[in-house]
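Commentary on secondary and tertiary structure
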Amino acid sequence: MRENYFFKKEKEAGALKRLAIVLAAGQGKRMKSKLYKVLHPVCGKPMVGHVLNAVQEAGCERSIVVVGHGAEAVKSYLGSSAEYVLQEQQLGTGHAVKQAGPLLAGEEGVTLVICGDTPLVTAETLEALFDLHHRKGAAATVLTAKMEQPHGYGRVIRGANGTVERIVEQKDCSPEEAAVQEINTGTYCFDNAKLFAALEKVTNKNAQQEYYLTDVIGILVQANEIVEGYAVTDVRESIGVNDRVALAEAEAVMRERIVRGHMLNGVTVIDPASTYIGAEVTIGADTVLYPGTVLSGKTTIGEDCVLGPAAEIEDSVIQDGAKVKQSVLSRAEVGRETTVGPFAYLRPGTKLGAHVKIGDFVEIKNATLDDGSKVSHLSYVGDAKVGKNVNIGCGAITVNYDGYNKSITEIEDDAFVGSNVNLIAPVKVGKGAYVVAGSTITQSVPENDLAIARTRQENKPGYAEKIRARAKAKKQRQQES
C-alpha cells in the first residue's frame, strides 16, 4: 500500500485512522441491464473494484461497502477485501452512510465517503483530499471539480475565506449560484464522530423524501465547523457512471490512462488508439505492442516481447522475448523466446516451454510442449504431453475424445511426427521415435522405432477414365428424365 508524506506523519504522531464508506446500494436503472451497476467493468475490472483499490491505496484501514440491490454479487466479487452493511431500502445517500453506524460510529478517525460508480478517481486525489482535511483541521472536506458546463450538478458555494458554505442542488440554484462552475463530486472526508452525530439531525423533509448526505455539510457549517473543498486536478476523475454513455466515456479515459502508464514504464505501443490493455495486466520493459492488440484479465507479459498485430491475449502468461502475432490466447502460458502465430489458437491449459514454435492455423488445448518443440502449421494438439525438440508435421492431430472421455497423448523428447498423422489417444510415442506421414497410430511406438500405419497403395491402370465416363452417363440420364 502506497503512503504519502502526510499519511506517514499522521501515523508517526499516532493520529487517527483513515476509514472509508463505499456507497454501492443503488440499482442503476438507467444502465438498463441485468448486471448490477457497480459491477459493470471498466477496462475489464468492475467499477467498485477500481474504487476500492483507490480507497485502500490511499491508506484507509477499514472499508465498509454499503450494498443493496445485487448485494450477494458484490460480496462475491469483493470477498474479504471489505466489510459490508445492507441498505434494504434506498432512502438517500445520508441514509446509506448511516447504515455503517453499527460498524464505525464508535471509531475515532477520518472517514472517506465515496460512490462505487466513480471508477476514475485515483488514490493520489484521495490522498490529496485527506491531506487538505488534515492540514486545515476540517470537520468535512468536499471533493469538487470545476466544469465549464456544470448544469445538473450541485454547486459548491464558498465563503470569502475560501471555505465551503453550502452545496446547492441545480433545481434550487439562484441565477448567481447557477453561474458557479465548481460542482460537488459526491466524495467527502469527514471527522468520523462529527459525521455520525450530524447524520442524526438529517431529515427527509424534501421533495424526494430522502435523507441527503449533503445536508450534513449544512449542519456542520451551522455549527461553526470548518468545511473545506479540494478541487480535483483532472475533472474526468469526477465522472459518475449512471448509463452506458458514461460507461463508454469512463472506459475511454481509463484505457488512455492505462496505456500511457505502460508507455511511461518502458513499453512501446505503436498505436495507442487501437490498443486495449486491461486494468490488471502487467507488461515488462521493451515489449512492443502492435495495432489491434488486446490484453485482458490477469495477463502478465515479460520483457522484450513482440505482440501483434491483432493479438488477443486473456488471463495468460507470456515470458521474456516471446512473439505472438495475429493469434488468440486464453489462459495459456508461453515460454521464453517462443513464437506463436500467425492465426494460432492457444486454449486453456496450454503450456509452452522456451524456444517453442507454434505456427499458422495451429490449435493447442490443455497440452504441455517442452523446450524447442515445433508445431508449424495446420495441426491440433489437445490433452497432450509433448517433450523437448519434438517436431509435429502439417495436419497432424491428437484424437483425444471418444465421445465420453478425454484421453492423453504422450510424445517424448526428439520424436518426429509426420504430416497428416492421427494419434489416437491414449497413446505414447517414445523418445526419438519416428511416425511416418499419413499414419493413424492406435498403439504406442517404442523409443527409436519407426511406425507406419497406412494401407498399401494400389494403382488401377486407366480406371480414372472409367469413373469419368460413368459419371458423365449418369448426368446425361438425369437431364433426359
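Counting from 1, residues in each chain are numbered in the order their sequence is written. It should be noted that, the model being predicted, local features are given only for residues of pLDDT at least 70 and side-chain atom pairs only at 80 or more, the latter also being counted only at that level, while totals for whole chains, interfaces and linings use all residues. Side-chain calculation: all heavy atoms of the structure are included, whereas hydrogens and water are not.

1. Digging into the overall build of the protein
Stated precisely, the cut-off is as follows: Each helix corresponds to a stretch of at least 4 residues labelled H or I by DSSP, and each strand to a stretch of at least 2 residues labelled E; elements are numbered beginning at the N terminus. We compute the radius of gyration from the C-alpha atoms alone; for a globule the expected value is 2.2 Å times N to the 0.38, where N is the number of residues. Using a 1.4 Å probe on the protein chains alone, a residue whose accessible area is under 20% of its type maximum counts as buried, one over 50% counts as exposed, and one in between counts as partly exposed. Every residue pair with non-hydrogen atoms within 4.5 Å of one another is taken to be in contact.
Each helix and strand in the protein was counted, giving 11 helices and 39 strands. Scaling as 2.2 N^0.38, a compact globule of 481 residues should have a C-alpha radius of gyration of about 23 Å, whereas the protein reaches 32 Å, well beyond that. Taking the principal axes of the C-alpha coordinates as reference, the protein spans close to 110 × 70 × 40 Å. Taken across its 481 residues, the protein has 46% of its residues classed as buried. Counting only contacts in the protein whose residues sit at least 6 apart along the sequence, the fraction spanning at least 24 positions is 40%.

2. Concerning the packing of aromatic side chains
For any pair of aromatic rings, geometry is given as the distance between the ring centres together with the angle between the planes. We count it as follows: Pairing of aromatic side chains requires ring centres within 6.5 Å, counting the rings of Phe and Tyr and the six-membered ring of Trp. Pairs whose planes differ by under 30 degrees are stacked, by over 60 edge-to-face, and all others tilted. Charge over a ring is defined by NZ of Lys or CZ of Arg lying within 6 Å of the ring centre and within 35 degrees of the ring normal.
One pass over the full model with this rule turns up three aromatic pairs. Measuring from centroid to centroid gives 4.6 Å for F416 and Y434, while their planes differ by 20°, and the two rings are stacked. Here F416 is found in strand β34 (residues 416–417), whereas its partner Y434 is found in strand β37 (residues 434–435), with 18 residues between them in sequence. Sitting over the ring of Y401, K406 keeps its end group 5.1 Å from the ring centre. Just above the ring of Y463 sits the side chain of K460; from NZ or CZ to the centre is 5.4 Å.

3. Observations concerning the pattern of salt bridges
In plain terms, the rule: Salt bridges are defined as contacts in which a side-chain nitrogen from Lys or Arg sits within 4 Å of a carboxyl oxygen from Asp or Glu.
Tallied over the entire structure, the rule returns 18 salt bridges. In this structure, the salt-bridge partner of K17 is E107, at a minimum N-O distance of 3.5 Å. Of this pair, K17 sits in strand β1 (residues 17–24) while E107 sits in the loop between α5 (101–104) and β6 (109–115), and the two are 90 residues apart along the sequence. When its relative accessible area of 18% is taken as the criterion, E107 is described as buried. With its nearest N and O atoms 2.6 Å apart, the salt bridge here joins E107 to R62.

4. Section: the sheet that holds strand β24 (residues 339–340)
Here is the rule: Pairing between strands is defined by DSSP: at least two bridges between the two strands are required.
Read across the sheet, 11 strands follow the order β12-β15-β18-β21-β24-β27-β29-β31-β34-β37-β39 without closing on themselves; strand pairing throughout is parallel. The sheet is open, and its two borders are formed by β12 (268–269) and β39 (450–451), each paired with just one other strand. Pairing between strand β29 (residues 374–377) and strand β31 (residues 391–392): two bridges, direction parallel. Counterpart to V375 in the pairing with β31 is I392.

5. Some points on unusual backbone geometry
Residue G308 is joined to P309 through a cis peptide bond whose omega torsion reads 5°. Its place among the elements puts P309 in the loop between β18 (306–307) and β19 (312–314). At R331, a position not held by glycine, the phi torsion is positive, near 50°. In this fold, R331 is placed in the loop between β22 (328–330) and β23 (333–334). Even without glycine at this site, L378 takes up a positive phi of about 55°. Topologically, L378 is positioned in the loop between β29 and β30 (380–386). On the basis of relative accessible area, L378 is assigned to the partly exposed category, the value being 48%.

6. Brief notes about the confidence of the model for the protein
Keep this limit in mind: pLDDT runs from 0 to 100 and stands for how confident the predictor is about each residue.
A residue-level look at the protein finds 97% of positions with pLDDT of 70 or above and a mean pLDDT of 94. Low pLDDT, under 50, characterises residues 1–7; the stretch is placed with 17 contacts to residues that sit more than four places away or in other chains. Taken together, the stretch residues 9–14 has pLDDT below 50 and engages in five contacts with residues farther than four places along the chain or on a different chain.

7. Considerations on helix α6 (residues 123–136)
Let me state the cut-off plainly: The span one expects for a helix is its residue count, reduced by one, times 1.5 Å.
Across its 14 residues, α6 extends 20 Å between first and last C-alpha, which sits within 8% of the 20 Å expected from 1.5 Å per residue. A large share of α6 lies buried, amounting to 10 of its 14 residues. Taken together, the buried positions of α6 are A123, T125, L126, E127, A128, L129, F130, D131, L132 and H133.

8. A look at the packing of helix α8 (residues 192–199) against helix α9 (residues 214–222)
The following threshold applies: For every element, the axis is a line fit to its C-alpha atoms; helices are fit only across the contacting stretch, and the angle between N-to-C directions ranges from 0 to 180 degrees. If an angle is under 35 degrees, it is roughly parallel; if it is over 145, roughly antiparallel; if it lies from 65 to 115, roughly perpendicular; otherwise it is oblique. The nonpolar class holds Ala, Val, Leu, Ile, Met, Phe, Trp, Tyr, Cys and Pro. Asp, Glu, Lys and Arg form the charged class, and all remaining residues, Gly among them, are polar.
Running from amino to carboxyl end, α8 crosses α9 at an angle of 105°, the nearest separation of the two axes being 9 Å. The angle between α8 and α9 places the two elements in the roughly perpendicular class. From α8, K194, L195, A198 and L199 reach across to α9, where they touch V216, I219 and L220. Grouping the amino acids of the contact of α8 with α9 by side-chain chemistry returns six nonpolar, no polar and one charged.

9. Description of the pairing of strand β9 (residues 164–168)
The pairing of strand β8 (residues 155–158) with β9 spans four bridges and is classified as antiparallel. When the bridges of β9 are listed, I157 appears paired with R166. The loop that links β8 with its antiparallel partner β9 comprises five residues; one of these, G162, has a positive phi angle of about 90°.

10. Let's talk about the pairing of β6
Counting buried residues in β6 gives six out of seven residues, a clear majority hidden from the surface. One ladder, built from seven bridges, connects β1 with β6; its direction is parallel. Among the inter-strand pairings, R18 is bridged to a residue of β6, identified as V110.

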